[in-house]
Amino acid sequence: EAQVTQNPRYLITVTGKKLTVTCSQNMNHEYMSWYRQDPGLGLRQIYYSMNVEVTDKGDVPEGYKVSRKEKRNFPLILESPSPNQTSLYFCASGRWGGGYEQFFGPGTRLTVL
Amino acid sequence: SQQGEEDPQALSIQEGENATMNCSYKTSINNLQWYRQNSGRGLVHLILIRSNEREKHSGRLRVTLDTSKKSSSLLITASRAADTASYFCATDAIKTIFGAGTRLFVKA
């Protein structure tokens, strides 16, 4: 089944404790992105990647890191989480096929205390 | 951030009625995408409308685009309780900008 998976789905952590949210896609898509979703703000793009070892900042990259060492994986790293990073995070992979269509993971709900 | 804006923020209708959601955007676009999100879950792609199209249909969905006004609308006809979800417009680009979304509630 074609899908984007994220782990963990739920995470409660404390300020300053490094964490990684994994994302993996099995559709061989070149493009992947991370978003955060906050009430009333829709989705805001954190980082995106156009291929292995090619990443770029989205609208809200501060406090986040990403890496793309393999085509299928695109982990999101929070080196020193803070409470304002409490949010719902989505990973997506994308393809161009007449338009840029994205396929989203199920989301990771992160709480930073 | 040049985020899109959607109107209304929330919409409650009866099953069988039509639901119209509007999206305005600030950037120049090639095309515009619409996505649906069931509560707390990942978004699902609904429809793409190209910048040279004024209207596009897909099943019970009708999307319009007015590039001169930088606005788009999504119409769901004969709504069903299962249409209850949030709907977002988004720029058709790798560096994607999403609207804030419209929460639609369809009462059975």
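Cut-off values and rules
- Residues numbered from 1 in each chain as written.
- Chains lettered and ligands numbered in written order.
- Predicted model: local features only at pLDDT ≥ 70, side-chain atom pairs only at ≥ 80, totals over all residues.
- Heavy atoms only, no water.
- Helix = DSSP H or I, 4+ residues; strand = E, 2+ residues; numbered from the N terminus.
- Rg over C-alpha atoms; globule rule 2.2 N^0.38 Å.
- Buried < 20%, exposed > 50% of the residue type's maximum accessible area, 1.4 Å probe, protein only.
- Contact = heavy atoms within 4.5 Å.
- Phe/Tyr/Trp six-rings, centres within 6.5 Å; stacked < 30°, edge-to-face > 60°.
- 1 Å grid on protein atoms, 1.4 Å probe; cavity = no way out; pocket = protein on both sides within 12 Å on 5 of 7 lines; lining within 4 Å.
- Points joined across faces, edges and corners; volume = space filled by probe spheres on them.
- Nonpolar A, V, L, I, M, F, W, Y, C, P; charged D, E, K, R; others polar.
- Buried area = accessible area lost by both parts, 1.4 Å probe.
- Salt bridge = Lys/Arg side-chain N within 4 Å of Asp/Glu carboxyl O.
- Polar contact = N/O pair within 3.5 Å; in protein donor to acceptor, adjacent residues only side chain to side chain.

Novice: Pulling in residues and values, what's your account of the overall build of chain B?
Specialist: Scanning chain B from N- to C-terminus turns up zero helices and ten strands. Helices and strands appear in chain B in the N-to-C order β-β-β-β-β-β-β-β-β-β. A compact globule built from 108 residues would reach a C-alpha radius of gyration of about 13 Å, and chain B, at 13 Å, matches this within 12%. By its C-alpha atoms, chain B is 40 × 25 × 20 Å across when sized along the principal axes. Counting over 108 residues, chain B shows a buried share of 47%. Taking contacts inside chain B between residues at least 6 apart in sequence as the whole, the part at least 24 apart equals 53%.

Novice: Explain the packing of aromatic side chains to me, and be specific about the residues and the numbers.
Specialist: Considering all chains together, one arrives at nine aromatic pairs over all chains under this definition. Members of the aromatic cluster, joined through ring pairs, are A:Tyr35, A:Phe90, A:Phe104, B:Tyr35 and B:Phe98.

Novice: Break down the layout of surface pockets for me, with residues and values.
Specialist: Its volume calculated, the largest pocket comes out at about 670 Å³. The wall of the largest pocket is formed by 27 residues, among which A:Gln37, A:Pro39, B:Gln37, B:Ser86 and B:Arg103 lie closest to the centre. When residues of the lining of the largest pocket are traced back to their parent elements, those giving at least two are β4 (31-38), β9 (87-96) and β11 (108-112) of chain A together with β2 (10-14), β9 (85-91) and β10 (102-107) of chain B. A class-by-class count of the residues in the lining of the largest pocket yields eleven nonpolar, 13 polar and three charged.

Novice: Break down the interface of chain A and chain B for me, with residues and values.
Specialist: Taken together, the contact pairs 26 residues of chain A with 23 residues of chain B. Taken together, the two surfaces of chain A and chain B that pack against each other cover about 1800 Å², and 53% of this comes from carbon and sulfur. At the boundary of chain A and chain B, one finds zero salt bridges. Put simply, chain A and chain B have nine residue pairs in polar contact (both at pLDDT 80 or more) between them. Ranked by the residues each element gives to the side of chain A that touches chain B, the list is headed by strand β5 (residues 42-51) of chain A, at six residues. Residues that form the side of chain A that touches chain B fall into these classes: twelve nonpolar, ten polar and four charged.

Novice: Tell me about the pattern of salt bridges, and name the residues and values.
Specialist: If you walk through the whole model with that rule in mind, you get eight salt bridges over all chains. Here A:Glu101 and A:Arg95 are joined by a salt bridge, their closest N and O atoms 3.4 Å apart. Its relative accessible area of 39% is what places A:Arg95 among the partly exposed residues. In this structure, the salt-bridge partner of B:Asp83 is B:Arg36, at a minimum N-O distance of 4.0 Å. With B:Asp83 in the loop between β8 (71-76) and β9 and B:Arg36 in strand β4 (residues 31-37), the pair connects residues that are 47 residues apart, well separated along the chain. Look at the salt bridges and you will find they share partners, linking A:Lys18, A:Lys65 and A:Glu79 into a network.

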